[in-house]
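Structural overview
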Amino acid sequence: MLMFAYVAVEVKTVYQEFNKRIPGINMDNGYYQMHEYQAPAWAQHLNHIPSHIVKLTSLNTPIHRWSLPGVPDGFQVFIKRDDLTGAELSGSKVRILQFLFAEALRNNARHVVTGGCLQSNHCRAVALTCRQLGLTPHIVVARVSKKEELGAKGNALLYRLAGSHLYLSPTCSYEAFSQRLRSLAGYISDKYREPCYCIPLGGASSPGMFAFISLFQELIEQGLFDNFDDIVVSIATGCTAAGIAVGNYLTGSKLRIHAVSIALSKEELTKRIDQMLSDIGLTLGANDIMDIIDDYIGEGYGTATEGLLETITNVSANTGILLDPYYTGKGTQGLLEELKKTPLRFQGKRILFIHTGGIFGLFNGEMDRVMNLPGNHAYYINEWPEKDVPLVQ
């Protein structure tokens, strides 16, 4: 959404700037270049197909076997590594941002507004992308009312390092928070007399859905139909899971899509996803195309139990795959528990887990609660055995 409270302003076109190349030199591998977007053939009848995409990452991300501890006999789990989409932009959010920033650049935006909770992967990715593209990030931080509560850990450290303009927002409803984002975008456009682009919470939007419709096409090209029976993904605002489920439905795939909620109830997610589906021209509902699991929310977004933190250390110690306490950790915990408790929920025995990233959430201090617990996989600490290990001369 672009806010033009002041239109009679001359701005240098960012879109043009980032499509300039030095003749004969291609050192950037196409990064930050704008391209026309072509939706998969099976999705070209949908509404609101984005026109352009700006390259922010290198795809495709790999799929490999995941020796996840605790998986019942007979099941095989594989992992789609969207945590490898980049370093500071790590995670599936960058797929959405390629579409949203293309729209922002084409409209000559100079500022970008978005928001989320203190440890939001989305806010971190938006802020850093803004600076890479020469834009100014404005971040509304939910459920924080005092500066002292911000800190400088995990994702919050990174979006603060990006020089984001932060706005503290006490607790309010989803609808009220979304209204605050839109209102702030108008305010910034007025204040700076420059166009401001507003990205909704989590990037949940029609363009965002096409990011994961395209991801489904990527999965097809990686052998999805021949090798897997079920897909499992964490779900926050609904955009990722909805895009994947739409791809599964439109291609006539027989796979089953399972979305493990990290914060919202099944009822809330169903309502939001139904609206997303309607926006792109589909008359079906969320419950027609996906299995939403809301039994692993805990106390909601931004919370983690000690059991979850111990699962994270167990997985990393046994497989080398890093999960975070808010997204992929809850998704993996839900996958493991459902395989044990309700195995018939799954279409078959070959499960593909979509790792959506979020590694920086590990660095907010939560893990301190379990790192030194006896028996924890991160507690293999020994004093130097001086008497038993002779020094080599």
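What you see is a predicted model; the values in this text were computed from it and never measured.

**Here we look at the overall build of the chain**
Each helix and strand in the chain was counted, giving 12 helices and 13 strands. Reported as C-alpha extents along the three principal axes, the dimensions of the chain are approximately 75 × 55 × 50 Å. Counting the 393 residues in the chain, one finds 54% classified as buried. In the chain, of all internal contacts separated by at least 6 residues, the share reaching a separation of at least 24 is 78%. Looking at charge distribution, the chain has the averaged site of its 35 positive side-chain charges lying 5 Å from that of its 38 negative ones.

**Points about the sheet that holds strand 13 (residues 350–355)**
A sheet is described by the order of its strands in space; here six strands give the open sequence 4-5-13-10-11-12, paired in mixed fashion. The open sheet is flanked by strand 4 (63–65) and strand 12 (291–293), the only strands paired with a single partner. With strand direction ignored, the average angle separating the axes of adjacent strands in the sheet is 25°. Relative to strand 11 (residues 256–261), strand 10 (residues 230–235) runs parallel, the two sharing six bridges. Within strand 11, the residue paired with Asp-230 across the bridge is Arg-256. The strands touched by helix 9 (residues 266–279) are strand 10, strand 11 and strand 12; relative to strand 12, the strand with the most contacts, the crossing angle is about 140°.

**Details of the pairing of strand 5 (residues 76–81)**
Along strand 5, five of the six residues are buried, which leaves the element largely enclosed by surrounding structure. Of the pairings in the sheet, the one linking strand 4 to strand 5 comprises three bridges and is antiparallel in character. In the sheet register, Ile-63 faces strand 5, and the bridge partner there is Lys-80. Bridge count for strand 5 against strand 13 is six bridges, and the pairing is parallel. Looking across to strand 13, one finds that Ile-79 is bridged to Phe-353.

**Digging into the pattern of salt bridges**
Within the structure shown, the criterion is met by eight salt bridges. For Asp-83, the salt bridge identified is with Arg-81, shortest N-O distance 2.9 Å. Owing to a relative accessible area of 13%, Asp-83 belongs among the buried residues under this scheme. Residue Arg-369 is joined to Glu-366 by a salt bridge in which the shortest nitrogen-to-oxygen separation is 2.5 Å.

**A closer look at the environment of Gly-238**
With respect to the element layout, Gly-238 can be found in the loop between strand 10 and helix 8 (239–250). Residue Gly-238 is classed as buried on the basis of its relative accessible area, which comes to 3%. In sequence terms Gly-238 and Glu-88 are 150 residues apart; their C-alpha atoms lie 23 Å from each other. Residues in contact with Gly-238, not counting those within four places in the same chain, are Leu-269, Ile-273 and Met-276.

**Points about the nonpolar core**
Counting 78 residues, the largest nonpolar core has Phe-101, Ile-231, Val-246 and Met-290 as the members making the most contacts within it. It is helix 2 (residues 93–106) that contributes the most residues to this core, nine residues altogether. With residues near it in sequence (within four places) discarded, Phe-101 still touches Val-54, Val-112, Val-126, Thr-129, Cys-130, Leu-133, Leu-135 and Ile-199. Among the nonpolar cores identified, the runner-up in size contains 26 residues, and Val-71, Ile-79, Leu-308 and Val-370 belong to it.

**Re helix 8**
Relative to the 16 Å expected for 12 residues at 1.5 Å per residue, helix 8 spans 16 Å between its end C-alpha atoms, a close match to the ideal helical length. Of all 12 residues that make up helix 8, 10 are buried, and the element is covered over most of its length. Among the residues of helix 8, Cys-239, Thr-240, Ala-241, Ala-242, Gly-243, Ile-244, Ala-245, Val-246, Gly-247 and Asn-248 are the ones counted as buried. Looking one or two residues past helix 8, Gly-252 carries a phi angle of roughly 75°, positive in sign.

**Structural notes on the packing of helix 2 against helix 6 (residues 206–221)**
At a minimum axis separation of 8 Å, helix 2 and helix 6 run at an interaxial angle of 130°. In this view, helix 2 runs oblique relative to helix 6, as classed from their interaxial angle. You can see that helix 2 and helix 6 cross each other, and the crossing is right-handed. For the pair helix 2 and helix 6, contact is made by Arg-95, Ile-96, Phe-99 and Leu-100 and by Pro-207, Gly-208, Phe-210, Ala-211, Phe-212, Ser-214, Leu-215 and Glu-218, respectively. When its residues are assigned to classes, the contact of helix 2 with helix 6 shows eight nonpolar, two polar and two charged.

**Section: the environment of Ile-96**
As for its placement among the helices and strands, Ile-96 is situated in helix 2. With relative accessibility at 1%, the residue Ile-96 sits in the buried group. Residues Ile-96 and Ile-262 lie 166 residues apart in sequence; the distance between their C-alpha atoms is 19 Å. Setting aside chain neighbours within four positions, we find Ile-96 in contact with Gly-202, Gly-203, Gly-208, Ala-211, Phe-212 and Cys-239.

**Looking at the packing of aromatic side chains**
Applying the stated criterion across every chain yields a total of seven aromatic pairs. For the ring pair Tyr-31 and Tyr-32, a centre distance of 6.2 Å and an interplane angle of 80° mean the geometry is edge-to-face. Judged by relative accessible area, Tyr-31 falls into the partly exposed class, the value being 22%. Here Trp-66 and Phe-353 contribute two aromatic rings whose centre-to-centre distance is 5.6 Å and whose plane-to-plane angle is 40°, an arrangement assigned as tilted. Separated by 287 residues along the polypeptide, Trp-66 in the loop between strand 4 and strand 5 and Phe-353 in strand 13 bring together distant segments of the chain. Taken individually, Trp-66 and Phe-353 each receive the classification buried, so the pair is uniform in this respect. Every member of this aromatic cluster is reached through a ring pair, and the members are Trp-42, Phe-216 and Phe-225. One Lys or Arg, Arg-272, reaches over the ring of Tyr-174 and ends 3.4 Å from the middle of that ring.

Thresholds, definitions, all that
Here the residue index of a chain counts from 1 through its sequence in written order. Confidence filtering applies because this is a predicted model: local features only for residues at pLDDT of at least 70, side-chain atom pairs given and counted only at 80 or more, and all residues used for totals across whole chains, interfaces and linings. Side-chain metrics in this entry use all non-hydrogen atoms of the structure; hydrogen atoms and water are not considered. In DSSP terms, a helix is any run of H or I states spanning at least four residues, a strand is any run of E spanning at least two, and both are numbered starting from the N terminus. Buried means the residue's accessible area, taken with a 1.4 Å probe over protein chains only, is under 20% of the maximum for its type, while exposed means over 50%, and partly exposed covers the values in between. Should any heavy atoms of two residues lie within 4.5 Å, those residues are counted as being in contact. Under the convention used here, Asp and Glu are negative, Lys and Arg are positive, and both His and the chain ends fall outside the count. For charged residues, the charge sits on one atom: NZ in Lys, CZ in Arg, CG in Asp, CD in Glu. At least two DSSP bridges between two strands are needed for those strands to be called paired. For helices, the axis comes from a line fit to the C-alpha atoms of the stretch in contact; other axes are also lines fit to C-alpha atoms, and the angle between any two N-to-C directions lies between 0 and 180 degrees. A carboxyl oxygen of Asp or Glu within 4 Å of a side-chain nitrogen of Lys or Arg is what we treat as a salt bridge. Take the buried residues of types Ala, Val, Leu, Ile, Met, Phe, Trp, Tyr and Cys, join any two whose side-chain atoms come within 4.5 Å, and each joined set is a nonpolar core. Helix span is expected to be 1.5 Å times the residue number reduced by one. These descriptions rest on fixed angle ranges, namely under 35 degrees for roughly parallel, over 145 for roughly antiparallel, 65 to 115 for roughly perpendicular, and the rest for oblique. Should the near helix be turned anticlockwise from the far one by less than a right angle, the crossing is termed left-handed; should it be turned clockwise, right-handed. Three residue categories are used. Nonpolar comprises Ala, Val, Leu, Ile, Met, Phe, Trp, Tyr, Cys and Pro, charged comprises Asp, Glu, Lys and Arg, and polar comprises the others, including Gly. When the centres of two rings from Phe, Tyr and Trp lie within 6.5 Å, Trp using its six-membered ring, the rings pair. Their planes under 30 degrees apart give stacked, over 60 give edge-to-face, and anything left gives tilted. Any Lys NZ or Arg CZ found within 6 Å of a ring centre and within 35 degrees of that ring's normal is scored as a charge over the ring.

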